[in-house]
Amino acid sequence: AMAAKETGKDAKQRQEDKARMRQLIVTLGDQPAKLISAIKGCNGALQDDLDDYSEHILMTIVDCAMHLPTKSAILAILCGLINVRKPAFVQQLIDRATKELQERVKQGKYLQAQLLLRFVLCLANCQAVQTTAALEVLVSLLKLIEGVPCQEGGDVIVGMVMGAVPWISTALREMHKSEVDIILDACDVYMARRNVPWLAGVTIFNTSEAAITQKDRLAALWQALKQLREKWEVASIVAPYSAVGEQLAKGVPHQLPPFILTTEDVKKKSLVYMVDPIPVSQGGEEMSAIDKWVLQDLVIATIECFAKSIGECKKQVLMIPVNHAQFDRVVIETIYGQMLRVPAPSQLPLFYFRLLQSITTLQSSMKGHIEAVGNFYISRMGYIDVECGEVLADFLSFYLAASQYAWSWDELVGEAVAMPHAQRVARFMRQTMEQLQRLSFHDNLLSRLPKSLHEFVPPEPVGSPAFRNSGSKEYADLKSQVRIKDADVAAVKSVVMTLVGALRTREVTKIDTEGDVKKEGSDDEDIMNVIEPVVTRWSREEVLEMFTYAVLENGSRTPTHCTRLLDWYKDVFPAIIPKDPAEAAACYALIMKCITAFWRLSGLRMQITTQAMIVREILPVQAAIDHLFLACSMDEDSHTDSLSCWQLVENVLEQGMREARLLREELAGATKMGNAERAAALQQQLAELDGKTKQLFVSIFKGLFTVFAKTPTENFKRITLSRTLAVGRRYHEFLAPYLSEIEQAVSSPELAGSVQQVWTLLRAIAAA
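Here the structure is a predicted model, which is why all the values come from computation and not from measurement.

Caption draft 1: How the structure looks around the overall build of the protein chain. In terms of helices and strands, the protein chain carries 35 helices and four strands. Each of the 768 residues in the protein chain was classed as buried or not, and the buried ones make up 52%. Here the contacts in the protein chain between residues at least 6 apart in sequence split such that 78% fall between residues at least 24 apart. Carbon and sulfur atoms form 52% of the exposed surface of the protein chain, whose accessible area is close to 34,600 Å².

Written as structure tokens, this is what we have:
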């Protein structure tokens, strides 16, 4: 018992020791003013533990090198100091780091590979790795992609190499100037042959119209490296090698293990869609191109590494050791650039809002930059990609709800915005207010927002229960039967089935001399004689319409009320809808017409109700898409241009993609297990699902091109083309095999010019 107790104490002590050492390494460099003393202190503290905890310390350092973007040089200096007394440990660490680097490249985890490559170069700066061996790694990587197209791994590998070059110290550059120049010359050769036909399809601004030059991150880095060659100085990287130079020189440089990556390891389809953030900063001393790129890269990498924790992410961003007057503005610009990244940002707009909100709580000077950069984009809305505009509307709605509706509005209303942006800014403001109303109340918006913005606030989101038979006795009776409490599904089904074909008497009307319909009792002297009451029968469509409106009206109080009613009465719809496919399609279209008419003042409730019916298999997805895109009015107020419509479309498409992924995983498992029968059945299901999804895309594109052909305004034509590009771009991986087939299905002779340019971009993106 005593031995077990002592063993338990030892295990607990070891865990505490490991936690202490990990904390010591992870927080190294968090206080820049005490950086050198902290590195020396950490080295002294770890020396005594290396014999007992070498594996733990080794993995902690490698793990930090992969996940702490700002500490590559700091960790390398620590290893350089350890190398003086424990060279065997450092050799093991170098072997492990190199192995992890190659594994990350094979796995396609390029950010971690990039950070490890920088760490290896920093080890060479610290004389822990032979300098020629470290530079040879860069040469080897470049040799792997000789002749490899940029979209098949070339861009990624060249980006890794060029992204690591700024971490080469000035001393190492002077010592091996010719070797470094060979690396940069090879990058120049690659960039000269680089062809990126898809770039125009993944930019924030429509560069064919906007007077704004946009480069992707790789091209921006290439330009910055050209300036770096003239003067090798990077102030954005904290690397105090000279402060401990004498001690580092006492260590023995180590060889790197063999570099065994092959061309096949790096040939992966990789669409580079990260566009360099738009430089908004004005006034004051500007950063050098390389310092700005490095700062942007550190911000981007920090967000990617710490996206799971807003609190830690904000601290890491603000701890980036760059002391420059433009730091605040560049950080905000970069976060905006990440949020507006296409085809899709890595996080939701809510994440970027929370990050910026959290940053301003620690550094209030950034708040003004948030509004300034936001207004830069909003005031140029006429040139912004439609999807980027909607992401910005999402972000602004969150920001307003959390900041008591405060924003510098004067730059966005009235004559402050010039054409052609004014119409698009107005559309953007309507979208923002629609989103904001989801987070607040209609009356709140009217009381808190400036009067100049009231025209953009949507109507109060209430249902519109009036329809052709809403005043009939039969509808009143049916509505009273459709209830949540004491629900009687059988009774309701009996009522609706009895109504189908039952006799009815239409309301008596009078017709004036001009053909207008008037109710009995009008004082118009020109009214003709009263028409005799007409006895007819209730059609199936009229009964379905009444039942649908009864469910919508009784469930209009909250979405929960509606879903509970649908749960109770979902089996009544199939009883009314005939089995004949053509007749059933007409009934589904009628249901969609009822939903969009009832909730014409609330896009959100339209979206929720439609999706609830799709989930409960009351309404087929295809019928919903066909109605939204082929049966709506062709104007900017139609559901086709609403955020709710596109959120609904994205939800149903994503659901189809998820089901397809699950089927593919199950198919792979069945094939691996040799279950041919199960694999064949899954293959059939997958083919059917892909066919349905493909037909959804045909309906979407056909509807968009119909809107484009019929809309009278150039502004809405531009929006429609941008929307078409956004849809194809977001789902390019699925569309790639079917793009030509879909293009043939939706094309028509009158669609040329601009539409053809969109298809050209989509083909380029799909090929990438």
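Caption draft 2: Region of interest: the packing of aromatic side chains. Applying the stated criterion across every chain, the model contains 20 aromatic pairs. Here the aromatic cluster, defined as three or more aromatic residues joined through ring pairs, consists of Phe 205, Tyr 336, Phe 376, Tyr 377, Phe 395, Tyr 399 and Trp 407. Positioned above the aromatic ring of Trp 167 is the side chain of Arg 118, whose terminal nitrogen or guanidinium carbon lies 3.9 Å from the ring centre. The ring of Phe 708 has Lys 717 sitting right over it, with the charged end atom 4.5 Å from the ring centre.

Caption draft 3: Region of the structure containing unusual backbone geometry. Looking along the chain, the bond that leaves Val 342 and enters Pro 343 is cis, with omega of 10 degrees. By the element assignment, Pro 343 lies in the loop between helix H16 (327-339) and helix H17 (349-362). Here the phi dihedral of Gln 404 falls at roughly 60 degrees; this positive angle occurs in a residue that is not glycine. Unusually for a residue other than glycine, Glu 617 sits at a positive phi of about 60 degrees. Note on placement: Glu 617 falls in the loop between helix H28 (603-615) and helix H29 (621-630).

Caption draft 4: Spotlight on the nonpolar core. Ranked by size, the top nonpolar core spans 238 residues in total, and within it Phe 119, Tyr 336, Tyr 377, Leu 392, Phe 547 and Phe 697 carry the most contacts. Per element, the largest residue contribution to this core is ten residues, and it comes from helix H6 (residues 110-125). Discounting residues that sit within four places of it in the chain, Tyr 336 has contacts with Leu 356, Ile 370, Val 373, Gly 374, Tyr 377, Leu 392, Phe 395 and Trp 407. Judged by nonpolar contacts, the second largest core, of eight residues, contains Ala 660, Ala 679, Leu 682 and Leu 686.

Caption draft 5: Spatial organisation of helix H34 (residues 739-746). Turning to H34, its buried residues are Leu 739, Ile 742, Glu 743 and Val 746. Viewed end-on, H34 has its buried residues packed into an arc of 100 degrees, placing them on one side of the element.

Caption draft 6: View of the side chain of Gln 437. Assignment of secondary structure puts Gln 437 in helix H20 (residues 421-439). Side chain to side chain, Gln 437 and His 442 meet in a polar contact 2.9 Å long. With residues up to four places along the chain from it excluded, the contact list for Gln 437 reads His 442, Leu 445, Val 457, Pro 458, Pro 459 and Pro 461.

Caption draft 7: Region of interest: empty space enclosed by the protein. Applying the stated criterion to the full structure yields six cavities of 30 Å³ or more. What the largest cavity holds in volume is close to 100 Å³. Gly 29, Asp 30, Pro 32, Leu 35, Thr 70, Lys 71, Ile 74, Val 238, Gln 316, Met 319, Ile 320 and Pro 321 are the residues that line the largest cavity. When its residues are assigned to classes, the lining of the largest cavity shows seven nonpolar, three polar and two charged. Lining the second largest cavity, in full, are Glu 387, Glu 390, Trp 646, Val 649, Glu 650, Arg 723, Ala 726, Val 727, Arg 730 and Tyr 731. Among the elements of the structure, helix H19 (386-402), helix H30 (643-672) and helix H32 (714-730) are those that each provide at least two residues to the lining of the second largest cavity. Ranked by residues supplied to the lining of the second largest cavity, first place goes to H32 with four residues.

Caption draft 8: Region of the structure containing the packing of helix H7 (residues 131-144) against helix H8 (residues 154-164). Packing of H7 against H8 leaves a shortest axis separation of 9 Å and a crossing angle of 160 degrees. Between H7 and H8, the crossing angle belongs to the class labelled roughly antiparallel. For the crossing formed where H7 meets H8, the hand is left-handed. Along its contact with H7, which presents Leu 138, Leu 141 and Leu 142, the element H8 presents Ile 157, Val 158 and Val 161. Across the contact of H7 with H8, the residue classes tally to six nonpolar, no polar and no charged.

About the cut-offs
Residues numbered from 1 in each chain as written. Predicted model: local features only at pLDDT ≥ 70, side-chain atom pairs only at ≥ 80, totals over all residues. Heavy atoms only, no water. Helix = DSSP H or I, 4+ residues; strand = E, 2+ residues; numbered from the N terminus. Buried < 20%, exposed > 50% of the residue type's maximum accessible area, 1.4 Å probe, protein only. Contact = heavy atoms within 4.5 Å. Areas by Shrake-Rupley, 256 points an atom, 1.4 Å probe, with all protein chains shown as cover. Phe/Tyr/Trp six-rings, centres within 6.5 Å; stacked < 30°, edge-to-face > 60°. Lys NZ or Arg CZ within 6 Å of the ring centre and 35° of its normal. Core = buried A, V, L, I, M, F, W, Y, C linked by side-chain atoms within 4.5 Å. Arc of directions from axis to C-beta. Polar contact = N/O pair within 3.5 Å; in protein donor to acceptor, adjacent residues only side chain to side chain. 1 Å grid on protein atoms, 1.4 Å probe; cavity = no way out; pocket = protein on both sides within 12 Å on 5 of 7 lines; lining within 4 Å. Points joined across faces, edges and corners; volume = space filled by probe spheres on them. Nonpolar A, V, L, I, M, F, W, Y, C, P; charged D, E, K, R; others polar. Axes fitted to C-alpha atoms, helices over the stretch in contact; angles between N-to-C directions. Parallel < 35°, antiparallel > 145°, perpendicular 65-115°, else oblique. Left-handed = near helix turned anticlockwise from the far one by under 90°.

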